[in-house]
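This is what each chain is made of:
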Amino acid sequence: MPGTSATTGRQATLETAGLGRQGPELPLHSAGERSGLIPGGPSPVVSYDAPDVRAILASKQAWRGGRGYAPARWLGAGVFAAVVIAVALSIATGSAKAFAHFGPGFVWSGTYSPDITGSGAGVLIVGTVVTTAVAIVMAAPIGLGAAISLAEFVPSKVAAIATTLVELLAAVPSIVVGLWALLVLSPLFRSHVEPFLHSVPVLGGAVFGGPDYGPSILLAAVVLAIMTLPTLVSLSRSALRAVPLADREAAMALGATRWQVVRKVVWPAARPGIAAAVTLAIGRALGEAIAVALVIGNEPSWPHSLVGPGATLGSSIVNQFAEAEPGLGASSVIALGAVLFVLTVVVNVGGQALRRAGRASGPGSFAAPGPPPAGLPGVGTAVAIVLPGASLGAGQGGPWAAPDGGASAPSLNTPAEPFAGPHHTLRRRRLLGTSAQTVCGVCLAAAAAPLVALVVYTVARGAPALSFGFLVHPVAPAFVPGGGISTAIAGSARVVGLALVMAAPPGLLTALFLFERPGRIPALLRFGADVLSGVPSIVIGIVAYEIVVRPMHGASTLAASIALAVLMLPIMVRADEEAIRTVSVDLQEAGAALGAPRWRVVRSVVLRGSMPGLVAGNLLALARAIGETAPLLFTLASANFAMTLLIFTDAQQPETSLQQVAWATALVLLGAVLALSAFARFIAWWLTRRAR
Amino acid sequence: MNPVPASVPTSVPGPGPAASGGPTIAPERPALRFQDVSVSFGNHVAVRGVNLDVPALQVTTLVGPSGCGKTTLLRAVNRLHDHLGGRVEGRIELGDLDIYAPGTPAELVRSRVGMVFQRPNPFPTMSIFDNVVSGLRFAGIRKRSFLREAAEVALHQAALWDLVKFRLDQSALSLSGGQQQRLCIARALAVRPEVLLMDEPCSALDPIATAKVEHLITGLAGQVTVVLVTHNMFQAARVSDNVAVLLMGEDRIGELVEAGPADLVLHSPSDPRTLEYVTGRVG
């Protein structure tokens with residue numbers, strides 16, 4: 001086709017190199033022949049001064065170079081592996097002293113307390129598990145109902161907006177949720193929710209006994225539920241949407257109601273993905289420390305009542321690591337981290353296994369027969385009429401029934417006697433479907449309500465204090481009124497920026513390593529990524545303290561950004577690999593077939609093609625890092641040097657002026673995080689569009 | 001708003017080629033009747049002004065080039081445009097049922113109309129048996145003996161019984177592509193539909209599997225009304241009793257050009273556009 005003559009210089013070169021069979025009228029064609037690249041072509045006399053492509057290619061030696069590509073990948077993967085190993089090792093060595101002193105009984109015995117005697121993690125493990133279990137019991141049904149509603153029932157335009165909102169809300173920092181829970185939910189619990197729960201018969205005494213306190217296990221569980229909901233909804237929704245349209249239509253075409261399509265076809269197919277979503281939510285809930293520490297009351301005792309105070313592993317680390325005496329005291333806090341680490345890794349790895357098992361297992365065998373449904377008297381007789389004729393006649397094409405024969409043969413599919421089943425049950429089925437849809441819609445509202453309330457409340461409380469001066473003045477010293485948060489904003493930016501610079505290159509190189517190499521080492525690295533991304537951020541904070549702060553004899557921006565980099569690294573590896581894998585193999589082979597060396601294919605086909613995903617993934621990791629509090633807790637010298645830390649300390653003060661600062665900072669932080677996530681999505685969309 | 005289509009509003013009452021006085025077409029009432037049917041998505045009209053009577057218990061094939069709205073028209077019968085925002089105007093009658101009447105539930109229509117899709121789409125999470133009886137289960141039938149018998153009948157009808165009778169509880173994905181497609185046919189037949197819609201059922205199959213499915217289709221005539229969509233003229237000639245030709249009009253909107261007994265339409269079409277298409281000069 002001569003239409004291809006509208007090519008740029010680069011494409012023209014490619015055509016000469018191998019795609020030259022475009023048409024005789026293209027002068028490039030003869031250039032290709034002359035350079036001998038067209039097999040069998042005679043070398044004609046070239047009537048003009050065409051470049052000798054072969055000579056150029058030879059001189060450029062395009063296939064050379066890129067020698068650094070493979071070593072770079074190995075280097076990136078090595079850095080990544082070193083990080084994983086360092087995290088695991090430092091937890092092990094840090095906690096060694098405590099385990100040596102208390103023996104393995106540390107895990108299950110007694111109450112941890114700062115004064116060491118008889119310390120153990122037992123009560124904290126119970127507190128962690130109970131809190132998480134209550135949270136998931138609340139979050140899972142609501143989240144899954146909301147996901148079903150979003151994926152299946154809500155009109156697609158509404159669903160698109162709602163899904164974007166949910167994904168944005170997933171980025172709400174836990175410290176903001178904690179702040180809201182501490183200053184808004186907790187008083188509400190004390191004055192209304194807990195008295196109400198006491199009055200519930202039977203349960204009131206047994207499960208919800210004790211004085212009205214405010215901070216409680218239940219409140220912590222509610223906070224965890226609110227925090228895990230967006231992720232749960234968004235992951236489950238993706239799993240549901242991933243079920244092919246063809247499967248849905250097959251069910252619809254058989255007369256299934258919309259609810260039946262969901263229940264019988266979509267849900268079973270999406271179950272592995274949903275199990276993974278719930279597992280991730282559990283992992284997140286287990287590891288959350290900061291928001292829980294704000295609202296659980298921090299009383300490391302055996303939980304008697306859900307409305308009483310409690311403590312989790314994470315919250316205890318937050319509260320006790322700073323005060324712990326060097327040596328055995330610090331070591332036993334790290335040991336708590338080790339226990340938490342093992343707990344979350346087991347959950348994450350178990351979740352992966354669950355997903356594989358779900359994928360591998362085929363369909364069940366015959367379902368157990370239920371009782372014959374009432375209200376179907378006609379069915380049995382209908383079949384009695386059908387069977388004999390059908391199983392005989394219909395076998396191998398049967399009698400090529402004459403068209404008029406059908407009318408006289410009453411046995412088979414005469415429209416005169418349509419199948420009785422669907423009609424009888426349709427009303428009931430549709431009613432069931434409508435109720436199920438309503439329930440799912442209510443779940444959607446229930447999932448959205450607290451998050452919307454949280455955002456609205458933060459804006460309402462934070463906006464009055466927000467001014468230009470607030471943003472540009474440094475944080476005032478303690479007991480000095482006024483001041484701003486400029487040092488906190490700058491500190492956050494510095495820490496996160498440095499972390500990005502440290503984490504992005506090894507993240508991308510590791511992703512390329514995983515992409516280029518099948519086999520055992522990448523499988524190990526992926527396992528490492530699963531482990532590392534499951535490590536609670538508070539544990540990463542401890543690790544950074546052990547590895548960086550202690551040897552350097554002081555907290556620093558560098559230590560904090562190393563902690564955040566460790567946190568971002570597995571997220572980036574996963575997001576980058578996912579983005580890279582979206583580039584089609586065809587395109588890569590097209591590049592390779594032109595003689596491009598691998599590194600060039602990767603640079604100009606793979607990386608360019610996956611740029612939207614890469615940018616978006618890294619920006620989302622950045623958004624997540626800005627909102628982190630726990631890794632900074634022990635690594636940053638002062639709370640004035642990060643927005644999240646400032647909120648954390650100010651929120652716990654009784655002075656309303658400080659609480660005011662916390663709200664305003666939370667608003668700034670929320671704005672930054674949401675803007676960054678929205679920007680990531682926009683960039684991805686824009687780059688994709690521009691590429692087309 | 002609808003200009004009178006240039007289509008030939010054809011029920012198929014005309015005497016066939018009448019060899020041996022044999023298959024006179026169409027008993028009193030057509031199984032399926034399209035009256036001035038148009039389907040549009042947003043502002044885009046995909047197919048318009050279709051008038052067609054589909055005779056009961058025969059194979060009627062919709063042929064035409066890609067993009068002329070065959071599949072769109074077929075899916076309209078099963079109300080599969082409902083959830084994708086497609087709008088159907090005009091009237092489609094299934095026996096005595098007005099498919100798009102306000103009070104007609106889509107599930108009712110679909111349980112009376114079977115559908116086989118372009119690519120085999122057995123439910124991946126279900127066994128062979130569960131696939132076949134899925135329509136009956138959707139309808140609320142749980143009685144085991146009933147389901148077993150219905151499954152056996154349907155699998156016989158799809159010529160699959162002997163192949164799968166000892167492995168009914170295996171995954172449907174353990175079957176080959178052609179077998180999967182026959183399983184989908186059995187699944188559609190198990191609810192004993194009045195009309196079976198087949199949307200290019202062989203397009204994803206190899207020639208041998210295609211031959212088997214085609215054999216099956218011819219065998220189904222007389223038991224169920226089959227409406228088949230294909231762009232393969234040879235296939236249309238092999239399996240059809242009647243052929244309806246859809247072509248794209250000047251404005252790229254699909255129209256029904258001609259319909260009638262297969263021999264007549266394929267060999268001596270009355271419309272010049274049909275002749276052009278059949279002989280390969282358009283599309």
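Residues numbered from 1 in each chain as written. Chains lettered and ligands numbered in written order. Predicted model: local features only at pLDDT ≥ 70, side-chain atom pairs only at ≥ 80, totals over all residues.

Draft legend 1. View of the overall build of chain B. Secondary structure summary: chain B contains 11 helices and 10 strands in total. Looking at chain B as a whole, 58% of its 283 residues qualify as buried. The contacts of chain B with a sequence gap of at least 6 include a subset with a gap of at least 24, amounting to 69%. (Helix = DSSP H or I, 4+ residues; strand = E, 2+ residues; numbered from the N terminus. Buried ≥ 20, exposed ≤ 12 C-beta atoms within 10 Å, placed from the backbone. Contact = placed C-beta atoms within 7 Å.)

Draft legend 2. Molecular detail of the overall build of chain A. For chain A, the count of helices and strands is 27 helices and zero strands. When burial is assessed residue by residue, chain A has 47% of its 692 residues classed as buried. Partitioning the intrachain contacts of chain A with sequence separation of at least 6 by distance along the chain shows that 75% fall at a separation of at least 24.

Draft legend 3. Quick look at the packing of helix 4 (residues 69-102) of chain A against helix 19 (residues 486-516) of chain A. All names here are of chain A. One can describe the packing of helix 4 onto helix 19 by two numbers: an axis separation of 7 Å at closest approach and a directional angle of 110 degrees. The angle between the axes of helix 4 and helix 19 places the two elements in the roughly perpendicular class. Crossing of helix 4 against helix 19: the hand is left-handed. Where helix 4 abuts helix 19, its residues Ala-72, Arg-73, Trp-74, Leu-75, Gly-76, Ala-77, Val-79 and Phe-80 lie against Pro-505, Pro-506, Leu-509, Thr-510, Leu-512, Phe-513 and Glu-516. Here the contact of helix 4 with helix 19 is composed, by residue class, of 11 nonpolar, two polar and two charged. (Axes fitted to C-alpha atoms, helices over the stretch in contact; angles between N-to-C directions. Parallel < 35°, antiparallel > 145°, perpendicular 65-115°, else oblique. Left-handed = near helix turned anticlockwise from the far one by under 90°. Nonpolar A, V, L, I, M, F, W, Y, C, P; charged D, E, K, R; others polar.)

Draft legend 4. Structural view of helix 10 (residues 245-253) of chain A. Listed as buried for helix 10 of chain A are Arg-248, Glu-249, Ala-250, Ala-251, Met-252 and Ala-253 of chain A. Buried-residue contacts for helix 10 of chain A involve helix 11 (258-287) of chain A together with helix 2 (106-112) and strand 6 (113-116) of chain B. Of the residues trailing helix 10 of chain A, Gly-255 of chain A is marked for its positive phi of about 95 degrees.

Draft legend 5. Representation of the pairing of strand 4 (residues 86-94) of chain B in the model. All names here are of chain B. Inspection of the sheet shows strand 1 (residues 32-41) paired to strand 4 by eight bridges, in the antiparallel sense. Bridging across to strand 4, Ser-40 finds its partner in Arg-87. Pairing of strand 4 with strand 5 (residues 97-98), which is carried by two bridges, proceeds in the antiparallel orientation. Considered in strand 5, the bridge of Glu-93 is made with Asp-98. In sequence, strand 4 turns back onto strand 5 through a hairpin of two residues, with Gly-95 there showing a positive phi of about 60 degrees. (Pairing = 2+ DSSP bridges.)

Draft legend 6. Just the pairing of strand 1 of chain B, in detail. Residue and element names in this part refer to chain B. The pairing of strand 1 with strand 2 (residues 44-54) spans seven bridges and is antiparallel. Note on strand 2: the bridge partner recorded for Leu-32 is Val-54. Between strand 1 and strand 2, which pair antiparallel in sequence order, lie two residues; one of them, Gly-42, sits at a positive phi of approximately 60 degrees.

Draft legend 7. Local environment of the environment of Pro-518 of chain A. You can see Pro-518 of chain A is positioned in the loop between helix 19 and helix 20 (520-534). Linking Pro-518 of chain A and Ala-623 of chain A, residues 105 residues apart in sequence, is a C-alpha distance of 31 Å.

Draft legend 8. Structural view of the packing of helix 5 (residues 122-153) of chain A against helix 9 (residues 217-241) of chain A. Residue and element names in this part refer to chain A. The geometry of helix 5 relative to helix 9 is characterised by a closest axis approach of 6 Å and an angle of 35 degrees between their N-to-C directions. Helix 5 and helix 9 meet at a crossing whose hand is right-handed. Across the contact of helix 5 with helix 9, the residue classes break down as 22 nonpolar, five polar and three charged.

Draft legend 9. Here's a closer look at the nonpolar core. Residue and element names in this part refer to chain A. With 292 residues, the main nonpolar core has Val-223 and Met-568 as its most contacted residues. By residue number, the principal contributor to this core is helix 9, which donates 17 residues. Ignoring sequence-local partners within four residues, the contact set of Met-568 consists of Ala-499, Ala-503, Ala-621 and Ala-625. (Core = buried A, V, L, I, M, F, W, Y, C linked by C-beta atoms within 7 Å.)

Draft legend 10. Looking closely at the environment of Leu-247 of chain B. Here Leu-247 of chain B shows up in strand 9 (residues 242-248). In this structure Leu-247 of chain B touches Gly-64, Pro-65, Cys-68, Glu-255, Val-257, Arg-273 and Tyr-277 of chain B, once residues within four positions along its chain are discounted.

Draft legend 11. Fine view of unusual backbone geometry. The phi dihedral of His-553 of chain A is positive, around 55 degrees, even though this residue is not glycine. Structurally, the position occupied by His-553 of chain A is in the loop between helix 21 (537-552) and helix 22 (557-581). Phi is positive for Glu-200 of chain B, which is not a glycine, with a value near 45 degrees.

Draft legend 12. Looking closely at the confidence of the model for chain A. Overall, the prediction assigns chain A a mean pLDDT of 78, with 78% of residues at 70 or greater. Low pLDDT, under 50, characterises residues 360-420 of chain A; the predicted model gives this stretch 92 contacts beyond four residues in sequence or across chains. (pLDDT = per-residue confidence, 0-100.)

Draft legend 13. Representation of the confidence of the model for chain B. Within chain B, residue pLDDT values average 85, and 89% of them lie at 70 or more. Two numbers describe this predicted complex: its pTM, 0.78, and its ipTM, 0.82.

Draft legend 14. Here's a closer look at helix 5 of chain A. Its 32 residues give helix 5 of chain A an end-to-end C-alpha distance of 45 Å, which sits within 8% of 46 Å, the value for a rise of 1.5 Å per residue. Ala-139 of chain A marks where helix 5 of chain A bends most, by close to 30 degrees; the proline Pro-141 of chain A follows one to four residues later. (Expected span 1.5 Å × (residues − 1). Bend = angle between axes of the 7 residues up to and from the residue.)

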